[in-house]
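Here is how the chains run, residue by residue.
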Amino acid sequence: MNRHTDVVNFRRMREREGGDTTIRLNGTSEPQPPTCPDDYICPWVDICTIDFDPCAFIDICGIDYH
Amino acid sequence: MTVEVTSIGDHVSIDDDATHLLFNTADSGLYRIELITRKLLVLIHDYGIEAARSLIKEDDIENVAEEKLSELKENKFLDPLPEFVPQETSPIMFASLNVSHDCNLNCRYCYGGGGTYAGDPCHMSTDVGELAVDRLFEWCDDSELLGINFFGGEPLLNVKLIQHLVSYATERAHAEEKKVRFSMTSNGTLFTDEIVAFLKESNIGVLVSMDGPKHVQDVNRPFRNGKGSYDVIADRLQSLLAVRPHLTARATLTKDCMSLSTLVDGLRDVGFTYVHVEPLTPYENCPFALSEEDFETLKDEYDKLGHIFLENILNGTPFGFSNILRTLSAIYTSGVRHYPCGAGKNLMAVDPMGGIYICHRFVGMEDFSMGTLNDPDFSIQKRLLQAHVDARDECRNCWARHLCAGSCWYDNYVYSGAIDRPHSPRCSLFKHIAALSMVIFSKLHEKDKALLDKMFRKHEPSYRRGEFPEDERT
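What you are looking at is a predicted structure, and each value in this text was computed from that prediction instead of being measured. (Residues numbered from 1 in each chain as written. Chains lettered and ligands numbered in written order. Predicted model: local features only at pLDDT ≥ 70, side-chain atom pairs only at ≥ 80, totals over all residues. Heavy atoms only, no water.)

**Some thoughts on the sheet that holds strand 9 (residues 179-186) of chain B**
All names here are of chain B.
- Pairing in this open sheet of 10 strands is mixed, and the strands run 13-12-11-10-9-8-5-14-15-16 from one edge to the other. Only two strands of the sheet have a single partner each, and these edge strands are strand 13 (320-321) and strand 16 (369-372).
- Note: strand 5 (residues 94-98) against strand 8 (residues 145-151), five bridges, orientation parallel. Opposite Leu97, over in strand 8, you have Phe150 as the bridge partner. (Pairing = 2+ DSSP bridges. Helix = DSSP H or I, 4+ residues; strand = E, 2+ residues; numbered from the N terminus.)

In structure tokens, the structure reads:
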């Protein structure tokens with residue numbers, strides 16, 4: 001390892017970036033039980049794997065789009 | 001939209017000009033980071049925590065590295081991945097019924113032998129259909145929600161049976177205090193006012209197989225007499241669109257038309273608001289199968305369409321490009337998947353004679369049989385459950401494995417001869433789509449987080465309806 005290069009880059013990055021903390025962008029909502037809204041008519045493509053809601057058939061039926 | 005992807009152990013960093021992201025494979029957590037955090041994670045991956053710490057200690061201004069190290073620990077980037085333990089058995093909760101082994105189209109790539117699956121044209125009988133429904137209720141254990149899809153051939157060639165089975169399954173569900181949802185995959189040529197009324201009344205989800213604009217559809221999916229099918233479908237879809245304005249199209253992409261936007265725009269012109277595109281799974285020596293170079297070309301197509309997709313969302317004029325939406329949805333929910341689908345696990349496909357297969361794509365292939373309705377054999381289920389994505393040689397170290405879950409069993413089988421060995425060009429394409437989706441997700445999060453929540457939160461699938469009321473946007 002080229003220690004000098006890595007350390008210098010490290011310092012420069014720090015000075016350039018300004019110190020934002022790491023932010024999680026997803027999965028921050030409360031987990032929801034798998035279900036579908038009563039008025040939601042689910043086409044084949046949505047039944048298969050991961051739906052928007054999430055779908056009750058997540059990871060279950062999966063025949064999906066083929 | 002150009003995206004750079006760098007694997008770091010089990011995790012991955014995703015960068016474009018303005019965005020630096022880190023994705024945790026263990027829990028599908030997506031993080032916006034400083035580059036300094038990635039740098040530290042690389043050092044830790046290459047040399048270990050203590051060595052990395054000592055390497056940067058004397059130049060660590062204001063204890064930043066220690067702060068970033070804490071963040072990495074807190075977000076479990078340094079933890080070993082949890083071991084997935086597969087189940088021994090699994091209830092069948094979804095049945096795909098091949099109610100018709102016959103078709104009025106002659107699609108040039110059909111894996112079902114023109115709808116007959118290499119046999120004689122035939123329809124499922126009432127007895128077989130009822131027995132399939134009965135078995136679904138018997139084999140579902142205590143599952144409260146079941147699904148039935150009507151498939152073919154063209155299922156509407158046997159619409160009388162569909163109507164009967166919807167009634168039959170609904171009555172049985174009512175008697176057993178369960179719910180059953182219905183769907184159908186159709187080529188769209190046989191919709192009549194009567195059928196549309198039935199689909200509406202019975203809440204049957206409809207996926208229409210259609211390949212794009214007229215010049216593509218008529219070549220790929222002609223009638224048996226060779227005549228193009230586009231005009232007929234475009235006409236007959238209108239009655240369905242009148243009652244079901246947010247229809248989904250599923251398009252097969254062939255070498256002849258590699259322009260995603262051409263396909264998507266062509267399908268939107270017909271009236272679809274939601275489009276899913278999949279590369280053709282070819283038969284041997286298929287002249288219009290995608291080459292490895294074509295899969296690389298597709299990445300550029302996704303980049304272009306991804307940019308348009310994002311702009312349209314932010315402009316309040318979204319369109320449902322399923323391939324990216326599905327990945328966005330998986331990212332939103334931090335989805336971790338170990339199986340590509342429920343084939344053989346929670347799903348069975350039933351042919352007109354009562355034969356059972358792990359999914360509709362394997363119908364007629366004895367190696368993937370689950371016996372018959374009268375003599376079932378679930379021995380293959382254990383094999384499928386053991387072949388989860390963390391257990392596969394080709395997948396266990398891939399950062400995208402919990403989003404992709406190992407790719408379609410059938411696609412794998414066609415390309416590699418093994419259901420658990422994926423096709424490398426498809427893997428590469430999926431990883432590209434996943435990384436692109438992460439950047440799009442990040443940009444949506446940054447510019448309009450409320451909109452992102454509205455797109456995907458439970459009970460509000462407003463995106464599908466193309467509705468973003470101005471007063472609800474921030």
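**So, the environment of B:Asp303**
- Note on placement: B:Asp303 falls in helix 10 (residues 292-314).
- Each C-alpha atom of the pair B:Asp303 and B:Ala51 lies 39 Å from the other, and the pair is 252 residues apart in sequence.

**Notes on the sheet that holds strand 1 (residues 4-8) of chain B**
- Taken together, five strands build an open sheet; the order of strands is 1(A)-4(B)-3(B)-2(B)-1(B) and the sheet is antiparallel. Looking at which strands have only one partner, the edges of the open sheet turn out to be strand 1 (23-24) of chain A together with strand 1 of chain B.
- Both strand 1 of chain B and strand 2 (residues 11-15) of chain B contribute to a ladder of five bridges, which runs antiparallel. Bridge pairing links B:Ser7 to B:Val12 in strand 2 of chain B.
- Running over the sheet, helix 1 (residues 35-47) of chain B touches strand 1, strand 2 and strand 3 (20-24) of chain B and is turned about 35° from strand 1 of chain B.
- Running over the sheet, helix 15 (residues 424-456) of chain B touches strand 1, strand 2, strand 3 and strand 4 (29-32) of chain B and is turned about 60° from strand 4 of chain B. (Contact = heavy atoms within 4.5 Å. Axes fitted to C-alpha atoms, helices over the stretch in contact; angles between N-to-C directions.)

**Focus on the pattern of salt bridges**
Residues and elements named next belong to chain B.
- Per the counting criterion, the structure on display carries 25 salt bridges over all chains.
- Note that Asp218 is salt-bridged to Lys214, the shortest N-O span being 2.9 Å. With Asp218 and Lys214 both in helix 7 (residues 214-220) and four residues apart, this pair spans about one turn of that helix.
- Given the relative accessible area of 36%, Lys214 is considered partly exposed.
- One network of salt bridges, with partners in common, ties together Glu34, Glu67, Lys68 and Glu71. (Salt bridge = Lys/Arg side-chain N within 4 Å of Asp/Glu carboxyl O. Buried < 20%, exposed > 50% of the residue type's maximum accessible area, 1.4 Å probe, protein only.)

**Quick notes on the side chain of B:Arg135**
Residues and elements named next belong to chain B.
- Inspection of the secondary structure assignment puts Arg135 in helix 4 (residues 126-139).
- With a relative accessible area of 16%, Arg135 lands in the buried category.
- In this structure Arg135 touches Met348, Leu373 and Asn374, once residues within four positions along its chain are discounted.

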